[in-house]
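Notes for the structure review
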Amino acid sequence: MTINIGETVFFGAGRFCRIGAAIVLIGIAGCSSTGGPAPVTGAKDTGTFPNLNIKPQVAAPQFTDAEKNAKLAQLKADESAQAAKNGKPDVADQAALTDLAKKHGDETLKQIEGKCDPALDPTCK
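Residues numbered from 1 in each chain as written. Predicted model: local features only at pLDDT ≥ 70, side-chain atom pairs only at ≥ 80, totals over all residues. Heavy atoms only, no water.

**Examining the overall build of the protein chain**
Convention followed: A run of H or I in DSSP counts as a helix once it spans at least four residues, and a run of E counts as a strand once it spans at least two, with each numbered from the N terminus. With a 1.4 Å probe rolled over the protein chains alone, any residue whose accessible area is under 20% of its type maximum counts as buried; one over 50% counts as exposed, and the rest are partly exposed. To measure how exposed things are, a 1.4 Å probe is used in the Shrake-Rupley method; for residues, cover is taken only from the protein chains shown.
Within the protein chain one finds three helices and zero strands. Reading the secondary structure of the protein chain in the N-to-C direction produces α-α-α. Residues classed as buried in the protein chain amount to 2% of the 125 residues present. As displayed, the protein chain has an accessible area near 12400 Å², and 63% of this comes from carbon and sulfur atoms.

**Here's the deal with the environment of Q62**
What counts, and what does not: Each polar contact in these results corresponds to two N or O atoms within 3.5 Å; when the atoms are within protein, one needs to be able to donate a hydrogen and the other to accept it, and residues that are neighboring in sequence are counted only if both atoms are side-chain atoms.
Its place among the elements puts Q62 in the loop between α1 (2-31) and α2 (65-85). Within the structure, the side chain of Q62 is placed 3.4 Å from the backbone oxygen of A60, a separation counted as a polar contact.

**Considering the confidence of the model for the protein chain**
Threshold: pLDDT: the predictor's confidence for each residue, scored from 0 to 100.
Counting all residues, the mean pLDDT for the protein chain is 76, and 67% of those residues have values of 70 or more. Predicted confidence in the protein chain is weakest over α1, with a mean pLDDT of 68, and strongest over α2, with 90.

So this is what it looks like as structure tokens:
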């Protein structure tokens, strides 16, 4: 029994020491870097002031007024086509929907309570 205890203590401690040493070495390796400094992105100091009199280059050609009006007309046409499909309900339909909303909860609850499984609920009638 003494041999087993000593074996567990000494060999177990060695295992923990090896794991600890591996963690320390991995941590040290992760902190060191072989590359140079990270490349600088964004604004750079060129030592000169920008010339605001030079017009900046545009990324894309600008819309003309005719193109703008054509695109707005297309959007308005799409909007009116969508409104025709998904229009608001009539006032008569709204009253029917309101009545349905008032009665729907009670009727649904009665249907749920009316159906029970005797296998799950022994008090079911």
